[in-house]
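Chain by chain, the residues:
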2 protein chains.
Amino acid sequence: MRNLPIQTILSDSRKEKPNPETLVFGRSFTDHMFTAEYDEGIGWHSHRIVPYAPVTLDPAAIVFHYGQTVFEGLKAYRSSDGTVRLFRPEENMKRMNQSLDRLCMPKIDEEMALQALTELIQIEKDWIPTLKGTSLYIRPFVIANEAFLGVAPSKKYQFFIILSPVGSYYKEGIHPIKILVENEFVRAVKGGTGGAKTAGNYASGLKAQEVANERGLSQVLWLDGVERKYIEEVGSMNIFFKIDGEVVTPAINGSILEGITRKSILHLLHHWNIPVAERKVSIEEIQEAFEAGKLEEVFGTGTAAVISPVGELNWDGYKMVVNDGKTGPLARQLFNTLTNIQTGLAEDPFDWVLELKNELAKLA
Amino acid sequence: MRNLPIQTILSDSRKEKPNPETLVFGRSFTDHMFTAEYDEGIGWHSHRIVPYAPVTLDPAAIVFHYGQTVFEGLKAYRSSDGTVRLFRPEENMKRMNQSLDRLCMPKIDEEMALQALTELIQIEKDWIPTLKGTSLYIRPFVIANEAFLGVAPSKKYQFFIILSPVGSYYKEGIHPIKILVENEFVRAVKGGTGGAKTAGNYASGLKAQEVANERGLSQVLWLDGVERKYIEEVGSMNIFFKIDGEVVTPAINGSILEGITRKSILHLLHHWNIPVAERKVSIEEIQEAFEAGKLEEVFGTGTAAVISPVGELNWDGYKMVVNDGKTGPLARQLFNTLTNIQTGLAEDPFDWVLELKNELAKLA
Ligand SMILES: Cc1ncc(COP(=O)(O)O)c(C=O)c1O
Ligand SMILES: Cc1ncc(COP(=O)(O)O)c(C=O)c1O
């Protein structure tokens, strides 16, 4: 890792930490954050860890008007011996740069970002909850902050890493969720920004989510924007189907986000010699499999939930109950394997985990 | 107009006004702004005019991460007798509410917004430049400012109106622009947010704009995301074609923004008994018309440029030079008619202009 000078200004006061038993997702934040600034002609500068504090922006800042912003999401886990583990953080920094490129934003130095993250976590290590299912959610993001009302890439940016101790993303935990197959709204289309982790993709999904919630369904399954038949992904998860012994997931096509959990699961499935395919999957194919009794399991995958089994798909009123609405054996096995690797309860055969044991010890 | 109590706190200092001769678009802002806040369960409150000042937001504010934000754009013109004119401002407030609805954001009271705008402009009237082609650009916008890292509608919002004295949007003025017909990138698709004025639509267009600029073309003409053949709109303009005596413009289809300039032009054309159609227009049709010598004029329409004639369309290297690269007579007639109505140089037969003469006189 490069050694970048990161200035650190510690906070005078410490906030009270939330009760790990009742932790929710994304509502409390730690005492410090990392930030750096970018100016055209200068590049990234002023890397620093500072007390968590409000951001001050001109009302004409480009991010408010033209949505030039990119983010990432990953987690840190702490085990009882104090070791802190990050799951494939270099993949997040790589994807962040791909997103930045799509949004015409300047790339970050991935090593710098990893170093900043590590230093920040060292300072905030007491914020990492240790209760089963809890973790420290890490949110790196970049916003365009030039004050200019014109549709052009900003000449100024600010990079942040903020941290939030979290419980399970889905209140139901590993229990299966019910999903609405969306026919009216479209999240993203080939040629758009669906492959990038950028704000607009999420804003556009809120309306469909609202409709789903009114119908008692917790998430939306997006279909492609062109033919309205090929499956894309769920709100903030990729999706997998187990059909007649084979696991299939939509291929990366430019309009879905390439999840790091998805990538890891594909790796595990190959490793376990379970038949697996990345290809186009139509909703009709799923319906046919369901009717033939071959739709064995459905599950979403993402950092927040890790694995989220799907117990019901609702497509235009046509209801497909999967595996009797229960968590299937493959979903459970993947969940256990991944979370055990992430939390250090199992070996890490693929070198996915960055352990911060030694680096933390230095400070302890 | 309803009479809402709007608290006013005037600034102690006044900024220097930019030279109207060298005004650019969207870079300088006036001394005051309007703002109001929304909290779930309370509604919009704390309507106030305050000194133009930075916005302070939690780094976890939803707008930074999930892009829940909507904006509008309109202009105020001031004539030498001091009269201030707004062009169809109620249409902007109506469209703002349509955009807010698409983004699951709370509606504003349109009359309140108009009243706020009027009061703000009264205070800032000396900022409205009077030189030909200049105006005061008005940017109302709403941002989601709850600190929450979850994909759900915010429970808190802030509404702003900021003002910026502007010259012509296109440095070339009414001279024709060259446009790239975009084959790779897509701005919006049916089912998405293309019909709303929201940040993500603009962020997604930056990459294509970058490619166009590299090729010496100043704007992008978007094709539909499904068949990649039907014409949608330009960067921040709707588009019109005059083919063999008939004016055609893409019909409103859910993925393009329904421009107020577009609406006004359609009205004028009907009024003038010029044949006009709102329908699907394919790029092949334009090519055929061009080859048959029937593509008489092409122009973009929008608040910033009013009318922007297109002198060249470049589609995959195939170049269509329109009207010898010169401004056509219809574009010129529309530009003159509209700007004369907007600036009070001509009658306002359709009651499009809101004159602030009396209201300003009260304060003078
Ligand atoms: C739209 C979308 N799809 C899929 C995912 C899953 O990606 P990952 O496994 O990297 O968390 C996410 C993010 O969490 C997402 O926001
Ligand atoms: C995407 C887009 N299309 C068209 C327009 C034209 O709309 P209006 O005539 O209301 O300015 C705008 C805004 O100015 C726009 O942003």
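Residues numbered from 1 in each chain as written. Chains lettered and ligands numbered in written order. Predicted model: local features only at pLDDT ≥ 70, side-chain atom pairs only at ≥ 80, totals over all residues. Heavy atoms only, no water.

If you look at the biggest cluster of nonpolar residues, it comprises 126 residues, and the most contacted ones within it are Phe64 of chain A together with Phe64 and Phe159 of chain B. For phenylalanine 64 of chain B, the contacting residues outside a window of four places in its chain are Val55, Leu57, Val63, Phe64, Thr69, Phe141, Ile143 and Ala199 of chain A together with Leu57, Asp58 and Pro59 of chain B. (Core = buried A, V, L, I, M, F, W, Y, C linked by side-chain atoms within 4.5 Å. Buried < 20%, exposed > 50% of the residue type's maximum accessible area, 1.4 Å probe, protein only. Contact = heavy atoms within 4.5 Å.)

Right, let's get into the UniProt feature "modified residue: N6-(pyridoxal phosphate)lysine" (unreviewed entry) in chain A. All names here are of chain A. Under the present numbering, the feature "modified residue: N6-(pyridoxal phosphate)lysine" (unreviewed entry) in UniProt falls on Lys197. Looking at the secondary structure, you find lysine 197 in the loop between β10 (177–181) and α4 (199–203). Setting aside chain neighbours within four positions, we find lysine 197 in contact with Thr69, Val70, Phe71, Glu72, Gly73, Arg95, Ser99, Tyr202 and Leu257. (UniProt positions renumbered as here; feature names shortened; annotations may be inferred. Helix = DSSP H or I, 4+ residues; strand = E, 2+ residues; numbered from the N terminus.)

To continue, consider the packing of helix α6 (residues 260–271) of chain A against helix α8 (residues 329–343) of chain A. All names here are of chain A. Relative orientation of the contacting elements α6 and α8 amounts to 110°, with a least axis distance of 11 Å. In terms of orientation, α6 lies roughly perpendicular with respect to α8. Across the interface between the two elements, Thr261, Ser264, Ile265, Leu268 and Leu269 of α6 pack against Leu330, Leu334, Thr337 and Leu338 of α8. Grouping the constituent residues of the contact of α6 with α8 by class yields six nonpolar, three polar and no charged. (Axes fitted to C-alpha atoms, helices over the stretch in contact; angles between N-to-C directions. Parallel < 35°, antiparallel > 145°, perpendicular 65-115°, else oblique. Nonpolar A, V, L, I, M, F, W, Y, C, P; charged D, E, K, R; others polar.)

Attention shifts here to the relation of the copies chain B and chain A. For these two chains of identical sequence, chain B goes onto chain A by a turn of 180° and a shift of 0.0 Å along the axis, with RMSD 0.0 Å. Such a combination of rotation and displacement between the chain copies is what one expects of a two-fold axis. Within chain B, the C-alpha atom positioned nearest to the axis of rotation is that of glycine 200 of chain B, 2.0 Å from it. (Least-squares fit on C-alpha atoms with pLDDT ≥ 70 in both.)

With that out of the way, let us pick up the environment of histidine 65 of chain A. For histidine 65 of chain A, the position within the fold is in helix α1 (residues 62–66). The class of histidine 65 of chain A is buried, set by a relative accessible area of 0%. For the pair histidine 65 of chain A and glycine 150 of chain A, spaced 85 residues apart in sequence, the C-alpha separation works out to 9.0 Å. Here arginine 139 of chain B takes part through its side chain, which lies 2.9 Å from a polar atom of the side chain of histidine 65 of chain A. (Polar contact = N/O pair within 3.5 Å; in protein donor to acceptor, adjacent residues only side chain to side chain.)

Time to look at the interface of chain B and chain A. Listed per partner, the contact involves 59 residues of chain B and 59 residues of chain A. Regarding the contact of chain B and chain A, the summed buried area is about 5100 Å², with carbon and sulfur atoms giving 62% of it. When the buried surface of chain B facing chain A is broken down by residue, Phe64, Leu149 and Leu206 of chain B rank first, second and third, together holding 13% of it. Between the two partners, chain B and chain A, sit four salt bridges. Its salt-bridge partner being glutamate 146 of chain A, residue arginine 27 of chain B comes within 2.8 Å of it at the nearest N-O pair. Put simply, chain B and chain A have 24 residue pairs in polar contact (both at pLDDT 80 or more) between them. Elements with a contribution of two residues or more to the side of chain B that touches chain A: β4 (55–57), α1 (62–66), β5 (69–71), α2 (89–102), β8 (135–144), α4 (199–203) and α5 (206–214) of chain B. Partitioned by chemical class, the residues of the side of chain B that touches chain A number 35 nonpolar, twelve polar and twelve charged. Here strand β4 (residues 55–57) of chain A pairs with β4 of chain B via three bridges, running antiparallel. (Buried area = accessible area lost by both parts, 1.4 Å probe. Salt bridge = Lys/Arg side-chain N within 4 Å of Asp/Glu carboxyl O. Pairing = 2+ DSSP bridges.)

Looking now at the site of ligand 1. Residue and element names in this part refer to chain A. Around ligand 1, the structure places 16 residues, and the nearest of them are Tyr202, Glu233, Ile260, Thr261 and Thr303. Residue threonine 303 places a side-chain N or O atom 2.6 Å away from an oxygen atom belonging to ligand 1. Protein contacts shield 97% of the accessible area of ligand 1, which totals 380 Å² for the unbound molecule. Listed by contribution, the elements that provide at least two residues to the shell around ligand 1 are α6 and β16 (295–302). (Near = heavy atom within 4 Å. Areas by Shrake-Rupley, 256 points an atom, 1.4 Å probe, with all protein chains shown as cover.)

Right, let's get into the domain arrangement of chain A. Residues and elements named next belong to chain A. Looking at the assigned domains, one finds that chain A contains domain 1 (7–167 + 345–363) and domain 2 (177–327). Measuring from the centre of the C-alpha atoms in domain 1 to the corresponding centre in domain 2 gives 27 Å. Carbon and sulfur atoms make up 63% of the surface buried where domain 1 meets domain 2, a total of about 1700 Å² over both sides. When the buried area of domain 1 at its contact with domain 2 is split by residue, Phe71, Arg95 and Phe350 rank highest and sum to 34% of it. Linking domain 1 with domain 2 are one salt bridge, by the criterion used here. Notably, a salt bridge pairs lysine 263 with glutamate 91, separated by 2.8 Å at the nearest N-O pair. At the junction of domain 1 with domain 2, the criterion picks out ten residue pairs in polar contact (both at pLDDT 80 or more). Sorting the residues of the side of domain 1 that touches domain 2 by element identifies β5 (69–71), β6 (74–78) and α2 (89–102) as the ones contributing at least two each. At six residues, the largest contribution of residues to the side of domain 1 that touches domain 2 is made by α2. The residue makeup of the side of domain 1 that touches domain 2, split by class, is ten nonpolar, five polar and seven charged. (Domains from an automatic or database assignment.)

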